[in-house]
Structure formats: C-alpha cells, structure tokens
Amino acid sequence: MNYENSLDYAKQLDREDSLAYVRDEFHIPKDKNGKDWLYFTGNSLGLQPKQTQQYIQQELDDWAKFGVEGHFEAKNPWMPYHEYLTDKMAKIVGAKPLEVVVMNTLTTNLHLLMVSFYQPTKEKYKIVIESDAFPSDRYAVQSQLNFHGFDVEEGLIEWKPRKGEEILNIEDLEQILLEQGDEIALLLIGGVNYYTGQYLDLKKIAELGHAKSCIVGIDLAHGAGNIQPNLHESGVDFAAWCTYKYLNSGPGSLSGLFVHEKHAHNKELPRFAGWWNHNKETRFNMRQPFDVMPGAEGWQLSNPPILSMAAIRSSLDLFDKVGMDALREKSEKLTGYFEYLINEIDTDRIKVITPSNPKERGCQLSIQVKNADKNLHKKLTKNNIITDWREPDVIRCAPVPMYNTFEDVFQMVAILKTLL
Ligand SMILES: *Cc1c(COP(=O)(O)O)cnc(C)c1O
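Residues numbered from 1 in each chain as written. Predicted model: local features only at pLDDT ≥ 70, side-chain atom pairs only at ≥ 80, totals over all residues. Heavy atoms only, no water.

K.L.:
Please clarify how the overall build of the protein should be interpreted in this entry.
P.N.:
Scanning the protein from terminus to terminus reveals 14 helices and 13 strands. In summary, the protein has a C-alpha radius of gyration of 22 Å against a globular reference of 22 Å for 420 residues, a match within 12%. Overall, the protein is about 70 × 60 × 35 Å in size when its C-alpha atoms are taken along their principal axes. Sorting the 420 residues of the protein into buried and exposed places 56% on the buried side. A separation threshold of at least 6 residues defines the contact pool for the protein, and within that pool the share at least 24 residues apart is 69%. (Helix = DSSP H or I, 4+ residues; strand = E, 2+ residues; numbered from the N terminus. Rg over C-alpha atoms; globule rule 2.2 N^0.38 Å. Buried < 20%, exposed > 50% of the residue type's maximum accessible area, 1.4 Å probe, protein only. Contact = heavy atoms within 4.5 Å.)

Spelled out as structure tokens, the structure:
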C-alpha cells in the first residue's frame, strides 16, 4: 500500500471503508466533554455492542416470566443455549461444529484440557511454552507439572527469542524438539503472542510437535476474532480462548474450547465429568452410568450460564453479519497504516517489535520506546488514548477493525509524536 501521512488521507480511507458502519454498532467510551476516546485496547477488553443489552434483557425477561420453565419456554430455550453459539464460534476459528464448545473461563479450560491431554510419564513429561507466555498460562503449566510430581525447573522448557531479538523463530522450536523431543509431552503455545503480537504458524508447530509424539495445544486468547487460525486444518490437538478480548463479550466472559475431530470419539481419554458432558439423551434419567458425549461438548461439566452466553451470542451474531474475511482485510490495511505512520516519526527511540509481515501478526502492534517509562502511558491516557503498558518500555496498541477508524490511528500517532 502507498499510504499518505495526512489527516485528509486518513479520513478518505474511512470514507472508502466498507465496514465503517460497524462502529455505530458499539458503545464508544467518551471523555467528559463527550469526545470519543481513542480506544486501542480491544485486545484486553473489547467494547460493548449496543445490541448486547437487548440480548441479555431478553433472558432476564424470560427468567422473570417463566422461572425454571425458561429452560423450555424461553424465546431461546436455555436447555440447549450453548448450542446457539457453536456454529458461529466454529466459523470464527476455522473449526467444525463438533470440535467447538463455549464453556467456563480460559484458564479453567486449559486445566481441563490438560487433564485429558497432558498425560506425562517418567520419561516423557516436559512442557514447552513461549518465554513470553501470558502469566496465567505459565502458572497453569507449572501447577500441572507440580500436580503430577515433577520439578518445574526441569519440566518447563521455554521457547525464547534469539539474543537481541523479540520475535520467536520456528527453527529454535525445531531445535528444542530435536534435542529434547523424546522427553516432551506437551507444547502449549500462544497462537498470537500477547506481548509481541506475533502470530505463529500453527500448522508448522503441530507438525513439529506431532513428529515427536507431543500433544500440541494452543492458547488463542489473542487470536480469536483477530486472525483466522483454521484450527481444524492446522491439526493442533486442542485450543482455548477467552471471549472478552476481540470477541467483545464482556468482562470475565466465557471461553471457547476446541478439541480436534481426531479425538472426538475417544471415550478412553481421561477427563473430569459432570452432568453436562453426559449423553444428552439420558442426562435427566439421572441414574445412568456416565456416558460421555462425542466432540468438544464432552468436556463440559455444568449447565450454561445464560446471561454471559447472551452477550456472546450478541457478539457472534455481529461477527457473522460482518464476516471474518472482511474484518481481516480491513485489519491488515488499518494496522498497515498504523505501522506506516509510526515509521514516519523521525526518531530512533521507537521500534515496532511486532513482525512487519501481515501474515505473522493480527491487528496489534507492540511499540518499544527507548528510555520511556510509565509516564508516557499516563500522558497518552490523559490525551484520551487508551493503550496498554508493558514494563519496561512497551506500549501495546490494537486498532480493531470492528470499531477503530483510520482517523483514530492518525490522531494517536500525531499525539504520540508530540509526547516524544
Ligand atoms: C487474557 C488471557 C488469559 C486470561 O485468562 P482468564 O482465565 O480468562 O482470566 C489467559 N491467557 C492468555 C494468553 C490471555 O491472553
């Protein structure tokens, strides 16, 4: 793209943007003078779709009206409520409906998946994560190692960037597997790294891991609704992601879970059980021996929390209307413009650590600012620019194609420039 560094040009891109109308579907937070914030933290908490209130209100009304009968009598009967989310969620991550379910929260699901897919032996027990893994994922795998009686120091292997670099190199993972593959039971990797925004090649990771008989699991918290991960095709064994980041489903909302079709009918996999992963047909006979459901639904434990799911349903309907292909197309252009403008700032203090290849990133750019401290972040916030600060010196910014504009990006970089 040949971009131009001017407000007029940014406005022109907004006029030409076929998804510009979608911004109106969202509540955009404002300052006290009523001016829209420049919101770049959709990677942390996505904004609220206006229609979400209606979706939740529907369930509150039906609860008021029907009480327990709402399980059958509600406009959207609650009994199978999680099923309303499955097809659209599967489409977003490139999976078959059999492979996807929405349930629990992300870290909980990672543990439930490891109950099934982390089956260490004395010889093969190590776990590989990225050195910049999200803390919750690191704690989760450390506690799994402990739980199985292994030493965390020995059992946890970090896939690190090379000296002086920020980005992971697939050859280094290959090397780890070459040297220690026989001792490695599980790879648990962030599909899009939360810190650098790097989008890893899931298919390649799955191939490398499987060649050494390792299970491959992916945390897609920063991928779902951002990139198009084609989970089924990638061949990874399992994945999980939250829905409150790019999927705009509200603070602390539920998680999506993927288990590849190749495991869908394996009743021998160890797993925890509850009434909701028991065969639907006989669930309410109550006295039946446990009979696990096929597919991702076979990992559920509890009946679905309707109010949270109503918010997810609202968001997924919006994603379905707009379409991931169109979102991704705008996203590449929007983030490309953002990157271009940052590179136009005449200073050696700034470095974008996110890969410059659009195929290796989603919408987020992580900007490293030499000699900066948290004051810079505070000043940005004072100027109504909402970003995310990562010690020691990185600003994470996610222009989200659903609701961010080219003008947002232009204004943000203009202010950043004056603050430097
Ligand atoms: C946001 C995020 C989490 C948060 O987990 P919760 O269980 O939803 O609190 C975990 N892992 C990654 C990689 C994340 O980005």
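K.L.:
Please clarify how the sheet that holds strand E13 (residues 394-397) should be interpreted in this entry.
P.N.:
Read across the sheet, four strands follow the order E9-E10-E13-E12 without closing on themselves; strand pairing throughout is antiparallel. What marks the edges here is a single partner per strand, and that holds for strand E9 (350-352) and strand E12 (388-390). Averaged over neighbouring strand pairs, the angle between their axes works out to 25° when direction is ignored. For E12 and E13, the ladder comprises three bridges, and the chain directions are antiparallel. If you follow Asp388 over to E13, its bridge partner there is Arg396. Across the face of the sheet, helix H13 (residues 374-382) comes into contact with strand E10 (365-369), E12 and E13 while running at roughly 180° to E12. (Pairing = 2+ DSSP bridges. Axes fitted to C-alpha atoms, helices over the stretch in contact; angles between N-to-C directions.)

K.L.:
Would you explain the UniProt feature "binding site: pyridoxal 5'-phosphate" (unreviewed entry) in the protein in this entry?
P.N.:
The feature "binding site: pyridoxal 5'-phosphate" (unreviewed entry), as annotated in UniProt, sits at Leu106, Thr107, Phe134, Pro135, Ser136, Asp137, Asp219, His222, Tyr244, Trp275 and Asn303 in this numbering. Sequence-wise these annotated residues cover 198 residues; spatially they are dispersed, their C-alpha atoms as much as 31.5 Å apart. With respect to the secondary-structure elements, Thr107 resides in helix H5 (residues 106-117). We classify Thr107 as partly exposed; its relative accessible area is 27%. Excluding its chain neighbours within four sequence positions, the residues that come into contact with Thr107 are Ser136 and Ala140. Note that Pro135 resides in helix H6 (residues 135-147). (UniProt positions renumbered as here; feature names shortened; annotations may be inferred.)

K.L.:
What am I meant to see in the UniProt feature "modified residue: N6-(pyridoxal phosphate)lysine" (unreviewed entry) in the protein here?
P.N.:
UniProt's feature table lists "modified residue: N6-(pyridoxal phosphate)lysine" (unreviewed entry) at Lys245, given in the numbering used throughout. Among the residues examined, Lys245 registers a relative accessible area of 7% and is labelled buried. Beyond its immediate sequence surroundings of up to four residues, Lys245 is in contact with Gly42, Asn43, Ser44, Leu45, Gly46, Ala221 and His222.

K.L.:
What's the story with the site of the ligand in this structure? I'm lost.
P.N.:
All residues adjacent to the ligand are Leu106, Thr107, Phe134, Asp137, Asp219, Ala221, His222, Tyr244 and Lys245. Note that a nitrogen atom of the ligand is positioned 2.6 Å from one of the side-chain N or O atoms of Asp137. His222 places a polar side-chain atom, nitrogen or oxygen, 3.1 Å from an oxygen atom of the ligand. When the ligand sits alone it has 390 Å² of accessible area, and the protein chains cover 83% of it. Of the residues in the shell around the ligand, the class split is four nonpolar, two polar and three charged. (Near = heavy atom within 4 Å. Polar contact = N/O pair within 3.5 Å; in protein donor to acceptor, adjacent residues only side chain to side chain. Areas by Shrake-Rupley, 256 points an atom, 1.4 Å probe, with all protein chains shown as cover. Nonpolar A, V, L, I, M, F, W, Y, C, P; charged D, E, K, R; others polar.)

K.L.:
Just to check I follow, could you spell out a positive patch on the surface for this structure?
P.N.:
A cluster of like positive charges, contributed by Lys374, Lys378, Lys379 and Lys382, occupies part of the molecular surface. Note on placement: Lys382 falls in helix H13. (Patch = residues over 30% accessible without salt bridge, like charges linked within 9 Å, V, L, I, M, F, W, Y side chains within 5 Å. Salt bridge = Lys/Arg side-chain N within 4 Å of Asp/Glu carboxyl O. Lys, Arg positive; Asp, Glu negative; His and termini not counted. Charge placed at Lys NZ, Arg CZ, Asp CG, Glu CD.)

K.L.:
I keep staring at the pattern of salt bridges and nothing clicks. Help me out?
P.N.:
Pairing is possible between side chains of opposite charge, provided their charged atoms come close. Following the criterion strictly, the structure yields 22 salt bridges and no others. Between Lys330 and Asp17 there is a salt bridge; the shortest N-O distance is 2.8 Å. Of this pair, Lys330 sits in helix H12 (residues 324-344) while Asp17 sits in the loop between helix H1 (7-16) and strand E1 (38-39), and the two are 313 residues apart along the sequence. Note on Asp17: relative accessible area 13%, which makes it buried. Between Arg138 and Glu158 there is a salt bridge, with its nearest N and O atoms 2.8 Å apart. With a gap of 20 residues between them, Arg138 in helix H6 and Glu158 in strand E4 (residues 156-159) connect regions that are remote in the sequence. Since its relative accessible area comes to 27%, Glu158 is described here as partly exposed.

K.L.:
Teacher, can you tell me more about the domain arrangement of the protein here?
P.N.:
By convention, interface size is frequently given as the accessible area that disappears when the constituent parts associate. When the domains of the protein are assigned, the result is domain 1 (7-47 + 323-419) and domain 2 (82-303). Inter-centroid distance (C-alpha atoms) of domain 1 to domain 2 is 29 Å. Of the residues lining the interface, 28 residues belong to domain 1; the matching set on domain 2 comes to 21 residues. Taken together, the two surfaces of domain 1 and domain 2 that pack against each other cover about 2100 Å², and 51% of this comes from carbon and sulfur. A per-residue breakdown of the area domain 1 buries against domain 2 is headed by Met324, Ile353 and Arg390, which together make up 26% of the total. The interface formed by domain 1 and domain 2 contains one salt bridge. Counting across the domain 1 and domain 2 interface gives twelve residue pairs in polar contact (both at pLDDT 80 or more). Elements with a contribution of two residues or more to the side of domain 1 that touches domain 2: H12, E10 and E13. No other element matches H12, which puts three residues into the side of domain 1 that touches domain 2. (Domains from an automatic or database assignment. Buried area = accessible area lost by both parts, 1.4 Å probe.)

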